[in-house]
Amino acid sequence: MITAVTLIRLTSSALFCVWHPSFQGMDSYVATIPGTTVTFDMVAIPKGTFQMGSPASENGRNTDEGPARTVAVDAFWMGKFEVTWDEYELFVYAELEKQATVKKMPDARHPLVDGVTRPTPPFMDMSFGMGKSGFPAVNMTQYAALAYCKWLTAKTGKFHRLPTEAEWEYACRAGTQTAYGFGSDAKQLGAYAWYLGNSGGKYHKVGTRKPNAWGLHDMHGNVAEWTLDQYVPDFYRTRTDTKNPWAKATRLYPHAVRGGHWEAPAPALRSAARGQSRPEWKQRDPQIPKSDWWLTDASFVGFRIVRPLKQPTAEQIEAYFTSPLPDY
């Protein structure tokens with residue numbers, strides 16, 4: 001298991017870290033995006049096993065949540081909050097990144113970062129007036145979220161990606177097997193989540209509701225979150241791997257989203273609830289020329305990042321950041 005001393009040695013060239021208490025030998029930390037003053041919090045998630053999916057008796061359960069199976073997950077770090085506009089717009093707007101730069105990056109890193117494809121900046125406010133600084137970034141495709149992860153990986157030298165559905169649900173449950181990470185009483189949801197019952201028709205600043213037992217905020221509600229998986233309705237019934245399961249994408253639609261969002265009812269925010277992307281989310285495109293980047297009719301979708309404890313090889317990392325899948 002990695003130690004705090006080792007982690008400092010690994011990251012000192014790329015990240016400035018503020019250390020939190022250890023969690024089974026790992027440490028949560030606050031990292032600064034190199035060359036800027038923008039920070040992001042990463043929470044240590046220990047390896048373990050859990051029942052993925054929901055029991056048939058759970059109120060609001062859908063058929064794609066079962067049968068529940070025991071799944072093993074390796075250790076990783078996960079974003080304490082959903083990725084905010086403060087972080088995401090450094091990637092979207094190259095000029096904004098330059099303005100935010102407080103010191104010159106090592107020359108060796110420029111080719112890596114400059115080689116990451118970025119979207120054409122949109123000509124409209126992608127927050128639709130709901131808020132920017134401290135608010136979750138929304139309206140990006142899964143590919144755009146992956147491209148952000150590729151950019152952040154190049155900036156920091158440490159591999160970041162989207163969570164798998166298994167990792168997401170494991171972290172959301174935080175050791176529970178109840179409908180929500182805090183229990184099964186939906187009347188308590190307002191203390192932990194922004195959803196249809198209390199959002200006022202918009203998303204809110206990250207971290208303004210109570211965290212779960214592992215210190216993660218907004219796992220329920222605020223914005224739904226992209227995962228790495230293809231959405232497969234009968235995946236729980238047909239999968240054969242019980243360790244780090246991942247439904248690797250083979251087509252553009254649908255991808256799995258988790259957590260519910262600010263305009264969703266309580267049952268859609270359950271730990272086991274699964275959502276899926278739809279072509280209708282890209283009916284309008286605020287870019288010229290048109291692209292596969294933005295979801296202008298999906299201001300309820302964002303993402304959070306994970307970092308595996310074990311750094312993959314360069315070849316494995318590249319495999320996560322493939323080109324967009326054919327649109328069919």
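Whatever comes next refers back to the structure up there.
In what follows, the accompanying structure is described.

### Brief notes about the sheet that holds strand β7 (residues 224-230)
Strand order across the open sheet formed by four strands is β9-β8-β7-β10, with mixed pairing between neighbours. Of all the strands in the sheet, just β9 (274-276) and β10 (301-302) have a single pairing partner and so form its edges. Pairing analysis gives two bridges linking β7 to β10, with the strands arranged parallel. In the sheet register, Glu225 faces β10, and the bridge partner there is Gly302. Sheet strands touched by helix α5 (residues 142-156): β7 and β8 (255-258). Its angle to β7, the strand with the most contacts, is close to 90°. Of the strands in this sheet, β7, β8 and β9 touch helix α6 (residues 165-173), which is tilted by about 140° from β7.

### With respect to the layout of surface pockets
Its volume calculated, the largest pocket comes out at about 480 Å³. Lining the largest pocket are 18 residues; nearest its centre among them are Asp74, Arg161, Pro308, Pro312 and Tyr320. Partitioning the lining of the largest pocket into residue classes produces nine nonpolar, four polar and five charged.

### A short note on unusual backbone geometry
Cis geometry is found at the peptide bond from Gly66 to Pro67, where omega equals 0°. For Pro67, the position within the fold is in the loop between β4 (48-52) and β5 (69-73). Phi at Asn139 is positive, roughly 70°, even though this residue is not glycine. Within the secondary structure layout, Asn139 lies in the loop between α4 (110-114) and α5.

The rules behind the values
- Residues numbered from 1 in each chain as written.
- Predicted model: local features only at pLDDT ≥ 70, side-chain atom pairs only at ≥ 80, totals over all residues.
- Heavy atoms only, no water.
- Pairing = 2+ DSSP bridges.
- Helix = DSSP H or I, 4+ residues; strand = E, 2+ residues; numbered from the N terminus.
- Contact = heavy atoms within 4.5 Å.
- Axes fitted to C-alpha atoms, helices over the stretch in contact; angles between N-to-C directions.
- 1 Å grid on protein atoms, 1.4 Å probe; cavity = no way out; pocket = protein on both sides within 12 Å on 5 of 7 lines; lining within 4 Å.
- Points joined across faces, edges and corners; volume = space filled by probe spheres on them.
- Nonpolar A, V, L, I, M, F, W, Y, C, P; charged D, E, K, R; others polar.

Worth remembering: the numbers are spatial, not functional.
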